[in-house]
Amino acid sequence: PPTSCNCVGFSATMARQISVHVPLIMEDQAEMLQDFFTDHLHVHNLVVMATKTSTLFQCHTTVKRAREVLERLRYMGVGSDFGAIEVMDVKSTIPRLSNNPLQQPGAVTKKEYSLSHSLTLEEIFEAVESQYHLTFEYICMCSCASVVCAVGLATDSDPTVVASMLLSPLMGPILGLTLGTAYRDVKMTIKSLRNEMVGVALTLLFGIITGFIMAPFKNDNWETNEMLTRGTAGGLAPGVLIAIPCGFALAISVTAEAGTTLVGVAIAAALLPPIVDAGLEVSFGLFKYLDGHEHSYPHFAHGAFSFLLFLLNWISMYFASLLIFAIKRVQPVQPNASSALSRRGSRMPSRPTSRSRNLSDMASENTPLVRPAEVSINTTA
(Lines give C-alpha, C1' and ligand atoms only; values in the text may rest on other atoms or scores of the structure.)
Protein backbone atom coordinates (compact mmCIF):
# COMPACT_ATOMS: atom_id res chain seq x y z
CA PRO A 1 0.00 0.00 0.00
CA PRO A 2 1.13 3.63 -0.51
CA THR A 3 2.84 5.36 2.37
CA SER A 4 3.43 8.98 3.25
CA CYS A 5 6.56 10.63 4.57
CA ASN A 6 6.53 12.84 7.66
CA CYS A 7 7.98 15.86 5.90
CA VAL A 8 6.86 19.47 6.08
CA GLY A 9 6.70 21.76 3.06
CA PHE A 10 8.19 25.18 3.52
CA SER A 11 5.71 26.93 1.23
CA ALA A 12 2.72 24.69 1.76
CA THR A 13 -0.94 25.56 2.11
CA MET A 14 -3.53 23.97 4.32
CA ALA A 15 -5.47 21.18 2.61
CA ARG A 16 -7.90 18.39 3.32
CA GLN A 17 -7.53 14.67 2.74
CA ILE A 18 -10.79 13.00 1.74
CA SER A 19 -11.18 9.22 1.94
CA VAL A 20 -14.20 7.33 0.64
CA HIS A 21 -14.81 3.66 1.48
CA VAL A 22 -17.16 1.65 -0.76
CA PRO A 23 -17.98 -2.07 -0.42
CA LEU A 24 -16.52 -3.97 -3.35
CA ILE A 25 -19.89 -5.48 -4.26
CA MET A 26 -21.14 -1.99 -5.20
CA GLU A 27 -19.32 -1.92 -8.52
CA ASP A 28 -21.62 0.64 -10.17
CA GLN A 29 -21.18 3.12 -7.32
CA ALA A 30 -17.41 2.57 -7.33
CA GLU A 31 -17.25 3.24 -11.07
CA MET A 32 -19.31 6.39 -10.58
CA LEU A 33 -16.95 7.61 -7.87
CA GLN A 34 -13.90 6.77 -9.97
CA ASP A 35 -15.28 8.91 -12.80
CA PHE A 36 -16.05 11.72 -10.38
CA PHE A 37 -12.62 11.80 -8.73
CA THR A 38 -10.77 11.37 -12.02
CA ASP A 39 -12.62 14.17 -13.79
CA HIS A 40 -13.01 16.71 -10.98
CA LEU A 41 -10.79 19.74 -11.41
CA HIS A 42 -10.07 20.25 -7.71
CA VAL A 43 -9.23 16.66 -6.77
CA HIS A 44 -5.47 16.14 -6.39
CA ASN A 45 -3.20 13.21 -5.65
CA LEU A 46 -5.87 10.58 -6.22
CA VAL A 47 -5.16 7.10 -4.90
CA VAL A 48 -7.53 4.20 -5.56
CA MET A 49 -7.05 0.98 -3.64
CA ALA A 50 -9.11 -2.18 -4.16
CA THR A 51 -9.01 -5.20 -1.88
CA LYS A 52 -11.11 -8.34 -1.68
CA THR A 53 -13.79 -6.57 0.38
CA SER A 54 -13.77 -2.83 -0.35
CA THR A 55 -12.57 0.01 -2.54
CA LEU A 56 -10.82 3.04 -1.06
CA PHE A 57 -10.63 6.40 -2.83
CA GLN A 58 -8.20 8.87 -1.26
CA CYS A 59 -7.42 12.36 -2.52
CA HIS A 60 -6.39 15.87 -1.50
CA THR A 61 -8.16 19.14 -2.06
CA THR A 62 -7.67 22.70 -0.87
CA VAL A 63 -9.59 24.01 2.11
CA LYS A 64 -11.69 26.29 -0.09
CA ARG A 65 -12.64 23.43 -2.41
CA ALA A 66 -13.22 20.74 0.22
CA ARG A 67 -16.82 21.71 0.79
CA GLU A 68 -17.53 21.67 -2.95
CA VAL A 69 -16.13 18.15 -3.29
CA LEU A 70 -17.94 16.86 -0.19
CA GLU A 71 -21.27 18.35 -1.27
CA ARG A 72 -20.96 16.55 -4.60
CA LEU A 73 -20.23 13.29 -2.80
CA ARG A 74 -23.19 13.76 -0.48
CA TYR A 75 -25.38 14.63 -3.46
CA MET A 76 -24.42 11.31 -5.02
CA GLY A 77 -25.52 9.53 -1.87
CA VAL A 78 -22.13 8.76 -0.34
CA GLY A 79 -22.43 8.51 3.43
CA SER A 80 -26.22 8.11 3.34
CA ASP A 81 -27.09 5.53 0.66
CA PHE A 82 -23.74 3.78 0.49
CA GLY A 83 -20.13 4.03 1.64
CA ALA A 84 -18.51 6.31 4.21
CA ILE A 85 -16.46 9.53 4.06
CA GLU A 86 -13.48 10.54 6.19
CA VAL A 87 -11.99 14.05 6.24
CA MET A 88 -8.57 14.85 7.72
CA ASP A 89 -6.43 17.97 7.97
CA VAL A 90 -3.23 18.02 5.92
CA LYS A 91 -0.47 20.33 7.16
CA SER A 92 1.26 20.58 3.82
CA THR A 93 1.80 19.05 0.41
CA ILE A 94 4.79 19.18 -1.91
CA PRO A 95 4.09 20.65 -4.41
CA ARG A 96 1.53 22.87 -2.81
CA LEU A 97 -2.05 22.58 -3.98
CA SER A 98 -3.67 25.34 -5.98
CA ASN A 99 -7.22 26.61 -6.10
CA ASN A 100 -6.68 27.23 -9.84
CA PRO A 101 -5.05 24.07 -11.30
CA LEU A 102 -5.48 25.28 -14.91
CA GLN A 103 -3.46 28.46 -14.34
CA GLN A 104 -0.30 28.66 -16.43
CA PRO A 105 3.03 28.30 -14.55
CA GLY A 106 4.54 31.68 -13.74
CA ALA A 107 1.27 33.54 -14.23
CA VAL A 108 0.22 36.13 -11.68
CA THR A 109 -1.90 34.43 -9.05
CA LYS A 110 -5.33 35.97 -8.68
CA LYS A 111 -6.92 35.34 -5.34
CA GLU A 112 -10.35 33.85 -5.75
CA TYR A 113 -12.96 34.65 -3.15
CA SER A 114 -16.64 33.93 -2.86
CA LEU A 115 -19.11 34.94 -0.18
CA SER A 116 -20.18 31.31 0.14
CA HIS A 117 -16.66 29.99 0.84
CA SER A 118 -16.61 28.31 4.25
CA LEU A 119 -15.58 25.21 6.10
CA THR A 120 -17.39 21.99 5.26
CA LEU A 121 -20.72 21.42 6.97
CA GLU A 122 -19.23 18.51 8.90
CA GLU A 123 -16.44 20.74 10.27
CA ILE A 124 -18.94 23.41 11.26
CA PHE A 125 -21.02 20.83 13.10
CA GLU A 126 -17.94 19.50 14.90
CA ALA A 127 -17.04 23.04 16.02
CA VAL A 128 -20.54 23.65 17.42
CA GLU A 129 -21.27 20.15 18.75
CA SER A 130 -19.22 20.47 21.93
CA GLN A 131 -20.56 23.89 22.89
CA TYR A 132 -24.35 23.69 23.20
CA HIS A 133 -24.85 20.67 25.48
CA LEU A 134 -26.11 20.96 29.05
CA THR A 135 -23.16 19.73 31.10
CA PHE A 136 -21.89 20.14 34.64
CA GLU A 137 -19.20 22.48 33.35
CA TYR A 138 -21.78 24.63 31.55
CA ILE A 139 -23.87 25.00 34.72
CA CYS A 140 -20.81 25.83 36.85
CA MET A 141 -19.46 28.40 34.40
CA CYS A 142 -22.87 30.11 34.11
CA SER A 143 -23.09 30.30 37.91
CA CYS A 144 -19.54 31.61 38.39
CA ALA A 145 -19.86 34.18 35.61
CA SER A 146 -23.16 35.42 37.08
CA VAL A 147 -21.75 35.98 40.57
CA VAL A 148 -18.65 37.77 39.26
CA CYS A 149 -20.78 39.95 36.98
CA ALA A 150 -23.21 40.79 39.79
CA VAL A 151 -20.38 41.95 42.04
CA GLY A 152 -18.93 44.02 39.22
CA LEU A 153 -22.27 45.70 38.46
CA ALA A 154 -23.10 46.37 42.10
CA THR A 155 -19.67 47.86 42.82
CA ASP A 156 -19.42 49.75 39.50
CA SER A 157 -16.24 47.85 38.57
CA ASP A 158 -15.61 47.66 34.81
CA PRO A 159 -12.71 45.14 35.06
CA THR A 160 -14.85 42.76 37.11
CA VAL A 161 -17.69 42.88 34.57
CA VAL A 162 -15.24 42.23 31.73
CA ALA A 163 -13.75 39.31 33.67
CA SER A 164 -17.21 37.75 34.01
CA MET A 165 -17.64 37.89 30.22
CA LEU A 166 -14.57 35.68 29.82
CA LEU A 167 -16.28 33.02 31.95
CA SER A 168 -19.72 33.06 30.36
CA PRO A 169 -20.61 30.04 28.14
CA LEU A 170 -23.88 31.50 26.79
CA MET A 171 -22.46 31.65 23.26
CA GLY A 172 -22.58 27.85 22.75
CA PRO A 173 -26.36 27.29 22.83
CA ILE A 174 -26.90 30.35 20.61
CA LEU A 175 -24.60 28.76 18.04
CA GLY A 176 -26.51 25.49 18.28
CA LEU A 177 -29.84 27.30 17.97
CA THR A 178 -28.90 29.23 14.83
CA LEU A 179 -27.09 26.30 13.19
CA GLY A 180 -29.98 23.95 13.97
CA THR A 181 -32.43 26.41 12.41
CA ALA A 182 -30.28 26.93 9.31
CA TYR A 183 -29.72 23.18 8.87
CA ARG A 184 -33.36 22.36 9.77
CA ASP A 185 -32.25 20.13 12.59
CA VAL A 186 -35.22 20.20 14.96
CA LYS A 187 -33.50 18.15 17.66
CA MET A 188 -30.47 20.46 17.80
CA THR A 189 -32.68 23.55 17.78
CA ILE A 190 -34.88 22.38 20.66
CA LYS A 191 -31.94 21.16 22.74
CA SER A 192 -30.00 24.40 22.23
CA LEU A 193 -33.05 26.53 23.09
CA ARG A 194 -33.62 24.50 26.26
CA ASN A 195 -29.98 24.79 27.33
CA GLU A 196 -29.93 28.52 26.65
CA MET A 197 -33.05 28.92 28.79
CA VAL A 198 -31.38 26.97 31.58
CA GLY A 199 -28.32 29.23 31.36
CA VAL A 200 -30.48 32.36 31.41
CA ALA A 201 -32.48 31.10 34.40
CA LEU A 202 -29.29 30.29 36.33
CA THR A 203 -27.81 33.68 35.50
CA LEU A 204 -30.95 35.49 36.63
CA LEU A 205 -31.21 33.39 39.81
CA PHE A 206 -27.61 34.02 40.87
CA GLY A 207 -28.07 37.71 40.11
CA ILE A 208 -31.03 37.79 42.51
CA ILE A 209 -29.18 35.81 45.20
CA THR A 210 -26.08 38.01 44.97
CA GLY A 211 -28.29 41.10 45.14
CA PHE A 212 -29.94 39.92 48.35
CA ILE A 213 -26.51 39.24 49.86
CA MET A 214 -25.21 42.71 48.97
CA ALA A 215 -28.39 44.68 49.67
CA PRO A 216 -27.89 45.03 53.49
CA PHE A 217 -24.52 46.70 52.85
CA LYS A 218 -25.96 49.29 50.47
CA ASN A 219 -26.48 52.83 51.72
CA ASP A 220 -27.80 55.42 49.28
CA ASN A 221 -25.94 54.24 46.18
CA TRP A 222 -28.27 51.39 45.25
CA GLU A 223 -27.83 51.69 41.48
CA THR A 224 -24.39 52.22 39.97
CA ASN A 225 -23.60 53.63 36.53
CA GLU A 226 -23.02 50.09 35.23
CA MET A 227 -26.56 49.18 36.26
CA LEU A 228 -28.28 52.36 35.07
CA THR A 229 -26.83 52.16 31.54
CA ARG A 230 -28.57 48.80 31.08
CA GLY A 231 -31.79 49.49 32.98
CA THR A 232 -33.31 52.37 31.03
CA ALA A 233 -35.12 52.75 27.72
CA GLY A 234 -32.20 54.77 26.39
CA GLY A 235 -29.92 51.72 26.60
CA LEU A 236 -32.04 49.53 24.28
CA ALA A 237 -30.96 50.98 20.93
CA PRO A 238 -27.19 50.99 21.65
CA GLY A 239 -27.49 47.44 22.95
CA VAL A 240 -29.11 46.22 19.74
CA LEU A 241 -26.48 48.01 17.64
CA ILE A 242 -23.85 46.02 19.54
CA ALA A 243 -25.74 42.72 19.30
CA ILE A 244 -26.22 42.73 15.51
CA PRO A 245 -22.50 42.86 14.56
CA CYS A 246 -21.81 40.34 17.34
CA GLY A 247 -24.24 37.96 15.63
CA PHE A 248 -22.47 38.47 12.31
CA ALA A 249 -19.08 37.82 13.93
CA LEU A 250 -20.39 34.72 15.70
CA ALA A 251 -21.46 33.00 12.49
CA ILE A 252 -18.36 34.10 10.57
CA SER A 253 -16.04 32.79 13.28
CA VAL A 254 -17.59 29.33 12.97
CA THR A 255 -17.79 29.09 9.18
CA ALA A 256 -14.32 30.55 8.57
CA GLU A 257 -12.35 28.62 11.22
CA ALA A 258 -11.60 31.87 13.03
CA GLY A 259 -11.10 32.01 16.78
CA THR A 260 -14.32 32.14 18.77
CA THR A 261 -12.84 33.26 22.10
CA LEU A 262 -12.97 37.01 21.49
CA VAL A 263 -16.34 36.63 19.77
CA GLY A 264 -17.60 34.80 22.86
CA VAL A 265 -16.56 37.74 25.01
CA ALA A 266 -18.50 40.11 22.75
CA ILE A 267 -21.54 37.83 22.89
CA ALA A 268 -21.33 37.73 26.68
CA ALA A 269 -21.08 41.53 26.75
CA ALA A 270 -24.49 41.75 25.08
CA LEU A 271 -26.19 38.99 27.08
CA LEU A 272 -24.67 38.40 30.51
CA PRO A 273 -24.75 41.89 32.14
CA PRO A 274 -28.39 42.66 31.20
CA ILE A 275 -29.62 39.36 32.71
CA VAL A 276 -27.59 39.82 35.90
CA ASP A 277 -28.63 43.46 36.15
CA ALA A 278 -32.28 42.40 35.95
CA GLY A 279 -31.69 40.00 38.86
CA LEU A 280 -29.96 42.68 40.93
CA GLU A 281 -32.75 45.20 40.34
CA VAL A 282 -35.41 42.67 41.33
CA SER A 283 -33.54 41.75 44.52
CA PHE A 284 -32.93 45.39 45.47
CA GLY A 285 -36.59 46.21 44.84
CA LEU A 286 -37.79 43.27 46.94
CA PHE A 287 -35.36 44.14 49.74
CA LYS A 288 -36.59 47.73 49.85
CA TYR A 289 -40.22 46.62 49.78
CA LEU A 290 -39.78 44.05 52.56
CA ASP A 291 -37.71 46.48 54.64
CA GLY A 292 -40.33 49.21 54.39
CA HIS A 293 -38.33 51.51 52.13
CA GLU A 294 -40.14 53.82 49.76
CA HIS A 295 -39.56 54.05 46.02
CA SER A 296 -38.99 50.35 45.39
CA TYR A 297 -40.97 50.44 42.13
CA PRO A 298 -38.14 52.04 40.01
CA HIS A 299 -35.98 48.99 40.66
CA PHE A 300 -38.59 46.68 39.14
CA ALA A 301 -38.97 49.01 36.14
CA HIS A 302 -35.22 49.11 35.58
CA GLY A 303 -35.07 45.31 35.91
CA ALA A 304 -37.78 44.96 33.27
CA PHE A 305 -35.90 47.24 30.86
CA SER A 306 -32.69 45.32 31.49
CA PHE A 307 -34.32 41.96 30.74
CA LEU A 308 -35.96 43.46 27.65
CA LEU A 309 -32.49 44.53 26.51
CA PHE A 310 -31.33 40.93 26.84
CA LEU A 311 -34.28 39.66 24.77
CA LEU A 312 -33.69 42.23 22.00
CA ASN A 313 -29.97 41.41 21.92
CA TRP A 314 -30.68 37.70 21.77
CA ILE A 315 -33.18 38.03 18.91
CA SER A 316 -30.83 40.37 17.02
CA MET A 317 -27.92 37.92 17.31
CA TYR A 318 -30.12 35.03 16.21
CA PHE A 319 -31.29 36.66 12.98
CA ALA A 320 -27.88 38.19 12.24
CA SER A 321 -26.24 34.76 12.51
CA LEU A 322 -28.97 33.20 10.36
CA LEU A 323 -28.25 35.77 7.66
CA ILE A 324 -24.56 34.84 7.57
CA PHE A 325 -25.41 31.12 7.50
CA ALA A 326 -27.72 31.80 4.54
CA ILE A 327 -24.96 33.68 2.70
CA LYS A 328 -22.52 30.83 3.41
CA ARG A 329 -25.13 28.30 2.16
CA VAL A 330 -25.21 26.37 5.42
CA GLN A 331 -28.13 24.12 4.56
CA PRO A 332 -28.85 20.39 4.32
CA VAL A 333 -27.59 18.53 1.25
CA GLN A 334 -30.22 16.23 -0.20
CA PRO A 335 -28.69 13.05 -1.68
CA ASN A 336 -29.97 12.23 -5.15
CA ALA A 337 -27.93 9.42 -6.64
CA SER A 338 -29.93 8.95 -9.83
CA SER A 339 -29.90 12.65 -10.62
CA ALA A 340 -26.20 12.86 -9.86
CA LEU A 341 -25.44 10.04 -12.29
CA SER A 342 -27.21 11.83 -15.10
CA ARG A 343 -25.72 15.27 -14.37
CA ARG A 344 -22.21 14.56 -13.22
CA GLY A 345 -20.68 15.54 -16.51
CA SER A 346 -22.36 18.93 -16.61
CA ARG A 347 -22.40 20.08 -12.99
CA MET A 348 -18.80 19.78 -11.88
CA PRO A 349 -15.57 21.34 -13.19
CA SER A 350 -13.48 18.84 -15.09
CA ARG A 351 -10.14 18.38 -16.79
CA PRO A 352 -9.07 15.94 -19.49
CA THR A 353 -7.74 12.72 -17.93
CA SER A 354 -7.33 9.13 -19.05
CA ARG A 355 -9.56 6.40 -17.59
CA SER A 356 -7.97 4.21 -14.96
CA ARG A 357 -7.86 0.44 -14.96
CA ASN A 358 -10.99 -1.53 -14.17
CA LEU A 359 -11.60 -1.88 -10.43
CA SER A 360 -12.19 -5.60 -10.63
CA ASP A 361 -8.75 -6.05 -12.21
CA MET A 362 -7.21 -4.01 -9.41
CA ALA A 363 -9.01 -6.08 -6.79
CA SER A 364 -7.62 -9.28 -8.24
CA GLU A 365 -4.12 -7.83 -8.07
CA ASN A 366 -4.70 -6.11 -4.70
CA THR A 367 -2.68 -3.09 -5.86
CA PRO A 368 -3.32 0.66 -5.63
CA LEU A 369 -3.78 3.08 -8.48
CA VAL A 370 -1.98 6.43 -8.12
CA ARG A 371 -1.98 9.36 -10.47
CA PRO A 372 1.71 9.47 -11.46
CA ALA A 373 1.85 13.19 -12.10
CA GLU A 374 0.44 14.19 -8.75
CA VAL A 375 2.15 12.03 -6.14
CA SER A 376 3.03 14.21 -3.17
CA ILE A 377 4.80 13.96 0.16
CA ASN A 378 2.42 15.07 2.86
CA THR A 379 1.85 15.23 6.55
CA THR A 380 -1.61 14.71 7.99
CA ALA A 381 -2.72 16.19 11.24
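What you see is a predicted model, and the numbers here were worked out from it, not measured in a lab.

**Details of the pairing of strand β3 (residues 54–62)**
Then, in step 1: For β3, a buried count of seven out of nine residues is recorded, marking the element as mostly surrounded by other parts of the structure.
Then, in step 2: Here strand β1 (residues 15–23) pairs with β3 via nine bridges, running antiparallel. Within β3, the position partnered with Q17 by the bridge is H60.
Then, in step 3: Looking at chain direction, strand β2 (residues 44–50) and β3 are connected through five bridges and run antiparallel. Looking at the pairing, H44 lines up with H60 of β3.

**Brief notes about the nonpolar core**
Then, in step 1: Counting residues in hydrophobic clusters, the biggest one holds 36 residues, and the most contacted among them are I174, L179, L250, I267, L271 and M317.
Then, in step 2: Where this core is concerned, the elements lending two or more residues are α3 (121–129), α4 (136–154), α6 (171–182), α7 (186–214), α9 (236–255), α10 (261–290) and α11 (297–327).
Then, in step 3: The element contributing the most residues to this core is α11, with seven residues.
Then, in step 4: In this structure I174 touches E196, L250, I267, L271, W314 and M317, once residues within four positions along its chain are discounted.
Then, in step 5: Counting residues in hydrophobic clusters, the runner-up holds 19 residues, among them A30, M32, C59 and L70.

**Details of the packing of aromatic side chains**
Then, in step 1: In the structure shown here, the tally under the stated rule is six aromatic pairs.
Then, in step 2: Ring geometry for F307 and F310: centres 5.4 Å apart, planes at 55 degrees, overall tilted. Here F310 and F307 lie together in helix α11, a separation of three residues that amounts to about one turn.
Then, in step 3: Exposure remark for F307: the relative accessible area of 27% places this residue in the partly exposed category.
Then, in step 4: Residue F310 is classed as buried on the basis of its relative accessible area of 1%.
Then, in step 5: Each ring, one from F310 and one from W314, has its centre 5.7 Å from the other, and the planes form 15 degrees; the classification is stacked. Of the two residues, F310 and W314 both sit in helix α11, four residues apart, roughly one turn of that helix. Taken as a pair, F310 and W314 share a single burial class, namely buried.

**So, α4**
Then, in step 1: For α4, which comprises 19 residues, the first-to-last C-alpha distance of 27 Å matches the rise-based estimate of 27 Å (1.5 Å per residue) to within 8%.
Then, in step 2: Every buried residue of α4 is accounted for by Y138, C142, S143, A145, S146, C149, A150, G152, L153 and A154.
Then, in step 3: Of the residues trailing α4, D156 is marked for its positive phi of about 60 degrees.

**What to know about the pattern of salt bridges**
Then, in step 1: Per the counting criterion, the structure on display carries five salt bridges.
Then, in step 2: We note a salt bridge from D89 to R16, for which the minimum N-O separation is 3.1 Å. Taken together, the positions of D89 in strand β4 (residues 84–94) and R16 in strand β1 put the pair 73 residues apart, joining distant regions of the chain.
Then, in step 3: A relative accessible area of 29% means that D89 is categorised as partly exposed.
Then, in step 4: A salt bridge links R65 to E68; the nearest nitrogen and oxygen atoms lie 3.4 Å apart. Residue R65 and its partner E68 are located together in helix α2 (residues 63–75), separated by three residues, close to a single helical turn.
Then, in step 5: Classification of E68 by relative accessible area gives partly exposed; the value is 25%.
Then, in step 6: Each of R67, E71 and R329 takes part in one network of salt bridges that share partners.

**Side note on a nonpolar patch on the surface**
Then, in step 1: Together, F212, L286, Y289 and L290 make up an exposed nonpolar region whose accessible area comes to about 430 Å².
Then, in step 2: Among the elements that take part in the nonpolar patch, α10 stands out by supplying three residues, more than any other.
Then, in step 3: Among the structural elements, F212 can be located in helix α7.

**Points about unusual backbone geometry**
Then, in step 1: With an omega of 0 degrees, the peptide bond running from I94 to P95 counts as cis.
Then, in step 2: If you trace the backbone, P95 turns up in the loop between β4 and α3.
Then, in step 3: In this model, D156 sits at a positive phi of 60 degrees, which is unusual for a non-glycine residue.
Then, in step 4: Summarising the element assignment, D156 is placed in the loop between α4 and α5 (158–167).
Then, in step 5: In this structure, R184 is a non-glycine residue whose phi angle is positive, near 60 degrees.
Then, in step 6: Here R184 shows up in the loop between α6 and α7.
Then, in step 7: On the basis of relative accessible area, R184 is assigned to the exposed category, the value being 61%.

**Structural notes on α2**
Structural remark: α-helix, 3.6 residues per turn; residues separated by three or four positions point the same way.
Then, in step 1: With 13 residues, α2 extends 19 Å from end C-alpha to end C-alpha; this agrees with the ideal 18 Å at 1.5 Å per step.
Then, in step 2: For α2, the complete set of buried residues consists of R65, A66, R67, V69, L70, E71, R72, L73 and Y75.

**Comments concerning the environment of S164**
Then, in step 1: Along the chain, the position of S164 falls in helix α5.
Then, in step 2: Residue class for S164 comes out buried when judged on its relative accessible area of 0%.
Then, in step 3: A sequence separation of 15 residues divides S164 from C149, and the C-alpha atoms of the two residues are 5.1 Å apart.
Then, in step 4: A polar side-chain atom of S164 sits 2.5 Å from the main-chain carbonyl oxygen of V161.

**Overview of the pairing of β2**
Then, in step 1: Most of β2 is tucked away, with six of its seven residues classed as buried.
Then, in step 2: Connecting the antiparallel pair β2 and β3 is a turn made up of three residues.

What counts, and where the lines are drawn
- Residues numbered from 1 in each chain as written.
- Predicted model: local features only at pLDDT ≥ 70, side-chain atom pairs only at ≥ 80, totals over all residues.
- Heavy atoms only, no water.
- Buried < 20%, exposed > 50% of the residue type's maximum accessible area, 1.4 Å probe, protein only.
- Helix = DSSP H or I, 4+ residues; strand = E, 2+ residues; numbered from the N terminus.
- Pairing = 2+ DSSP bridges.
- Core = buried A, V, L, I, M, F, W, Y, C linked by side-chain atoms within 4.5 Å.
- Contact = heavy atoms within 4.5 Å.
- Phe/Tyr/Trp six-rings, centres within 6.5 Å; stacked < 30°, edge-to-face > 60°.
- Expected span 1.5 Å × (residues − 1).
- Salt bridge = Lys/Arg side-chain N within 4 Å of Asp/Glu carboxyl O.
- Patch = residues over 30% accessible without salt bridge, like charges linked within 9 Å, V, L, I, M, F, W, Y side chains within 5 Å.
- Areas by Shrake-Rupley, 256 points an atom, 1.4 Å probe, with all protein chains shown as cover.
- Polar contact = N/O pair within 3.5 Å; in protein donor to acceptor, adjacent residues only side chain to side chain.

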